[in-house]
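Chain and residue survey
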Amino acid sequence: ARGALPSDTALLDDLAEVIDHTHSRYGMLPHCGSAGQPLPLILLGHSMGGQIAVTLALKYPGEIQKLVLTSPAGFETFTAPEREQLRAFYTVASIQHTPEAQVRANHKYNFYHMSPAVDLWIAERLRMMQCDDFGLYARTVVNSMAGMLDGPIFERLPQVQQPDCQRPVAPLQLAWRPPVAYRA
């Protein structure tokens, strides 16, 4: 149940195709200063966008001067059974039918210290679930999860040529916990 994509890597392949088409037709985004001089192109990527940003920086190293990553996907490493467990857990149906208590628990699970501002995110998520097109959002989450699982970037980081503020020296040892369904 991975949606309409023909394979797990199709999402990243589709995004790469869009980037390639844009690049071949227009070059990188126009970036000229007031005197017509090129400005530095700084690529910022958060979460799945971080994984895509690294992929783009590796493909076009001479055109992107700096790379900024915030909480990029693809740094995590999973065993084959862990990947399959995540795929089985995160389905369009499971996201669409997540009970409110589980939405709240999921947000709490993601924060060391949960600010009261997170209540706004939770309320927005609950409102989104009432929308007719929430299934499209759920499909996007499932496809993004597949992209993260099938396109890890951590081992490719040494190939990045753009300057960075800090690069981890050894693979991150993330404490992976299997998803736990809420039980009332």
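Not measured: the values here are computed from a predicted model. (Residues numbered from 1 in each chain as written. Predicted model: local features only at pLDDT ≥ 70, side-chain atom pairs only at ≥ 80, totals over all residues. Heavy atoms only, no water.)

A separate point is the pairing of strand S2 (residues 66-70). In this sheet, S2 lies alongside strand S1 (residues 42-46) in parallel orientation, the contact comprising five bridges. Residue pairing across strands places Ile 42 opposite Lys 66, the latter belonging to S2. (Pairing = 2+ DSSP bridges. Helix = DSSP H or I, 4+ residues; strand = E, 2+ residues; numbered from the N terminus.)

Membership of the largest hydrophobic core comes to 15 residues, with the highest contact counts inside it found for Leu 43, Val 54, Ile 64, Leu 67, Leu 157 and Val 160. Per-element accounting of this core gives the leading share, five residues, to helix H2 (residues 48-59). Not counting the four nearest positions on each side in its chain, Leu 43 is found in contact with Ala 53, Leu 56, Ile 64, Lys 66, Leu 67 and Val 68. Ranked by size, the runner-up nonpolar core spans 10 residues in total, among them Val 103, Val 118, Ile 122 and Ala 138. (Core = buried A, V, L, I, M, F, W, Y, C linked by side-chain atoms within 4.5 Å. Buried < 20%, exposed > 50% of the residue type's maximum accessible area, 1.4 Å probe, protein only. Contact = heavy atoms within 4.5 Å.)

A few words now on the environment of Met 148. Along the chain, Met 148 turns up in helix H7 (residues 134-150). With a relative accessible area of 13%, Met 148 lands in the buried category. For the pair Met 148 and Gly 74, spaced 74 residues apart in sequence, the C-alpha to C-alpha distance is 5.0 Å. Not counting chain neighbours up to four residues away, the residues in contact with Met 148 comprise Met 48, Gln 51, Ala 73, Gly 74, Glu 76 and Phe 78.

As a further point, take a nonpolar patch on the surface. On the surface, a nonpolar cluster with roughly 270 Å² of combined accessible area is contributed by Ile 42, Leu 44 and Val 68. With respect to the element layout, Ile 42 can be found in strand S1. (Patch = residues over 30% accessible without salt bridge, like charges linked within 9 Å, V, L, I, M, F, W, Y side chains within 5 Å. Areas by Shrake-Rupley, 256 points an atom, 1.4 Å probe, with all protein chains shown as cover. Salt bridge = Lys/Arg side-chain N within 4 Å of Asp/Glu carboxyl O.)

Applying the stated criterion to the full structure yields three aromatic pairs. Plain terms: the ring middles of Phe 89 and Tyr 90 are 5.1 Å apart, the flat faces sit at 80° to each other, and that makes the pair edge-to-face. (Phe/Tyr/Trp six-rings, centres within 6.5 Å; stacked < 30°, edge-to-face > 60°.)

Here the focus is the pattern of salt bridges. In total, this model carries four salt bridges according to the counting rule given. Notably, a salt bridge pairs Arg 87 with Glu 84, separated by 3.1 Å at the nearest N-O pair. Taken as a pair, Arg 87 and Glu 84 lie in helix H3 (residues 80-89) at a separation of three residues, close to a single helical turn. Classification of Glu 84 by relative accessible area gives partly exposed; the value is 42%. Of the residues examined, Arg 87 reaches a relative accessible area of 11% and is grouped as buried. A single network of salt bridges, built from pairs that share partners, joins Glu 84, Arg 87 and Asp 150.

Attention now goes to the pairing of S1. Alternating positions in S1 separate cleanly, Leu 43 and Gly 45 being buried on one face and Ile 42, Leu 44 and His 46 remaining unburied on the opposite face. What joins S1 to S2 is H2, and the crossover it makes is right-handed. (Right-handed = clockwise from strand over helix to strand, strands pointing away.)

For helix H6 (residues 118-128), the full list of buried residues reads Val 118, Ile 122, Arg 125 and Leu 126. Looking straight down H6, one finds its buried side chains confined to an arc of 100°; they lie on one side. (Arc of directions from axis to C-beta.)

Moving on to the environment of Thr 79. Checked against the element boundaries, Thr 79 lands in the loop between S2 and H3. Residues Thr 79 and Leu 149, spaced 70 residues apart in sequence, show a C-alpha to C-alpha distance of 9.9 Å.

A word on the confidence of the model for the protein. The predicted model of the protein has a mean per-residue pLDDT of 76, with 67% of residues at 70 or higher. Looking over the protein, one finds the lowest element-wise mean pLDDT in helix H1 (residues 10-26), namely 63, and the highest in helix H4 (residues 92-96), namely 95. Below a pLDDT of 50 lies the segment residues 168-177, which in the model reaches 11 contacts outside its immediate sequence neighbourhood of four places, other chains included. (pLDDT = per-residue confidence, 0-100.)

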